[in-house]
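Survey of secondary and tertiary structure
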Amino acid sequence: MILLKERIKELRLEKNLSQKDLAEKLGASQRSISSWETGARQPDFETLEKLTKFFNVTADYLLGFSDKI
């Protein structure tokens, strides 16, 4: 099963964004993006919602429960 950390990085790279770019678009810090992508931390619910809207994916896809975008 794909993990959240892998999905975030995969989606970010598909949009050719740096961690800093994504952080600016979400109103987060680059350190937060890095910690999500390494699995050290998880985004909170509000940020998870922002990620799904920004990447236009479902929460199930982002969380790795589904392969359907």
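Before reading on, note that the structure itself is shown above.
These notes cover the structure that comes with them. (Residues numbered from 1 in each chain as written. Predicted model: local features only at pLDDT ≥ 70, side-chain atom pairs only at ≥ 80, totals over all residues. Heavy atoms only, no water.)

What follows deals with unusual backbone geometry. Even without glycine at this site, Asn-16 takes up a positive phi of about 55 degrees. Checked against the element boundaries, Asn-16 lands in the loop between helix H1 (4–14) and helix H2 (19–26). Taking relative accessible area as the criterion, Asn-16 reaches 69% and is therefore assigned exposed. Backbone geometry places Asn-56, a non-glycine residue, at a positive phi of 55 degrees. Positionally, Asn-56 belongs in the loop between helix H4 (45–55) and helix H5 (59–63). Note on Asn-56: relative accessible area 64%, which makes it exposed. (Helix = DSSP H or I, 4+ residues; strand = E, 2+ residues; numbered from the N terminus. Buried < 20%, exposed > 50% of the residue type's maximum accessible area, 1.4 Å probe, protein only.)

Let us now look at the side chain of Arg-7. Mapping Arg-7 onto the fold places it in helix H1. Judged by relative accessible area, which is 4%, Arg-7 ranks as buried. Apart from residues lying up to four places away in sequence, Arg-7 is in contact with Ile-2, Tyr-61, Leu-62, Gly-64, Ser-66 and Asp-67. (Contact = heavy atoms within 4.5 Å.)

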